[in-house]
Amino acid sequence: MTQDAPVPWTPQGDGPDPRRHAPATLRNRDAIAAVLRDELPDAGLVLEVASGSGEHVVHFAVTFPALDWQPSDPDPAALASIAALRGDANLPNLRAPLLIDAASADWPIDAADALLCINMQSNSCGEEKSVGYVACLCINMIHISEWAATVGLFRGCERQLPSAAPLILYGPYLEDGVEIAPSNLAFDRSLMERNPKWGIRNVSDIDKVAVEFGFKRVRRVEMPANNLMLIYHHDQDI
């Protein structure tokens, strides 16, 4: 049994081509963008944490041209893929990727207007208070990381986000009183075979952590392929 993280992408071509392809991105990017349209600011700098192959951030940079996008990842292969896709896209609002380990307390960034976190496998989503973040998006991280990563995500965003700012989650989740889809059940088993500390999380458990760090859930959106988007607002009065 391997404890390594699953690789969510494959090479786009043969040989030394650094570009990677994540099939799930093509299936979910438009649905995610439709929700982001209601949640992200109209303009500013958006930081994407754990950009993976880079396909999401390229799509979002095209879809939201008034926003500047800063991708990042701790994986050298992912950084190479992001850089290659950025070169292909040649978009004025897509910045070169940064090497950021979400578990680190020191991120090489100064300020941004929104924070994205895609496919992060880490124990923290930020440590120090910074200026300018108005949203946090985390896609497909919570089920492929240890529970400490979820706690770290809310802890970090509590330090980063102002009052009423959204923390947006996407992925498969369990819900009390809702029968789990067979595909999600099989996926959950495969995750725990890779690492017993991974697995699809229950929304009620996430809600409890959210409250601990001053967030409350304000929206639940059903998404394709038995996924959900969960929107939490940072409420400093909790």
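None of the values given here were measured: they were computed from a predicted structure.

Reading the values: rules and limits
- Residues numbered from 1 in each chain as written.
- Predicted model: local features only at pLDDT ≥ 70, side-chain atom pairs only at ≥ 80, totals over all residues.
- Heavy atoms only, no water.
- Helix = DSSP H or I, 4+ residues; strand = E, 2+ residues; numbered from the N terminus.
- Buried < 20%, exposed > 50% of the residue type's maximum accessible area, 1.4 Å probe, protein only.
- Contact = heavy atoms within 4.5 Å.
- Areas by Shrake-Rupley, 256 points an atom, 1.4 Å probe, with all protein chains shown as cover.
- Axes fitted to C-alpha atoms, helices over the stretch in contact; angles between N-to-C directions.
- Parallel < 35°, antiparallel > 145°, perpendicular 65-115°, else oblique.
- Left-handed = near helix turned anticlockwise from the far one by under 90°.
- Nonpolar A, V, L, I, M, F, W, Y, C, P; charged D, E, K, R; others polar.
- Salt bridge = Lys/Arg side-chain N within 4 Å of Asp/Glu carboxyl O.
- Core = buried A, V, L, I, M, F, W, Y, C linked by side-chain atoms within 4.5 Å.
- pLDDT = per-residue confidence, 0-100.

Here we take up the overall build of the chain. Per the secondary structure count, the chain includes 6 helices and 10 strands. Counting all 238 residues of the chain, 50% fall into the buried class. Here the analysis covers contacts within the chain between residues at least 6 apart in sequence; of these, 66% occur between residues at least 24 apart. Working note: accessible area of the chain is about 10,600 Å², and carbon and sulfur atoms make up 51% of it.

Contact geometry for helix α4 (residues 147–160) and helix α6 (residues 203–212): axes closest at 9 Å, N-to-C directions at 40°. On the basis of the axis angle, α4 is oblique to α6. Seen from above, α4 lies across α6 with right-handed handedness. In contact with W147, T150, V151 and F154 of α4, α6 contributes D205, I206, V209 and A210. For the contact of α4 with α6, the class distribution of residues is 6 nonpolar, 1 polar and 1 charged.

Throughout the structure, instances matching the rule amount to 8 salt bridges. Ionic pairing is found between R19 and D17, a salt bridge with its closest N-O pair at 2.7 Å. With relative accessibility at 19%, the residue D17 sits in the buried group. Taken together, the shared-partner salt bridges in this structure form one network comprising D17, R19 and D88.

Next up on the list: the nonpolar core. By size, the foremost hydrophobic cluster in this structure holds 24 residues, and its most contacted members are I32, L36, F60, F64, W69, M223 and M229. Secondary structure elements with two or more residues in this core: α1 (23–39), α2 (55–63), β4 (67–73), β7 (136–139), β8 (166–171), β9 (215–223) and β10 (227–234). Grouped together as the second largest cluster of nonpolar side chains are 22 residues, M141, I142, L153 and L169 included.

Turning to the confidence of the model for the chain, a few remarks are in order. Summary statistics for the chain give a mean pLDDT of 82 and a share of 79% for residues scoring 70 or more. With pLDDT under 50 throughout, residues 121–131 is counted as low confidence; its partners more than four residues away or in other chains account for 53 contacts.

Before going further, it helps to spend a moment on unusual backbone geometry. Of note, N90 is a non-glycine position whose phi angle comes to about 50°, a positive value. Mapped onto the elements, N90 comes out in the loop between α3 (76–89) and β5 (98–99). Even without glycine at this site, N226 takes up a positive phi of about 60°. If you trace the backbone, N226 turns up in the loop between β9 and β10.

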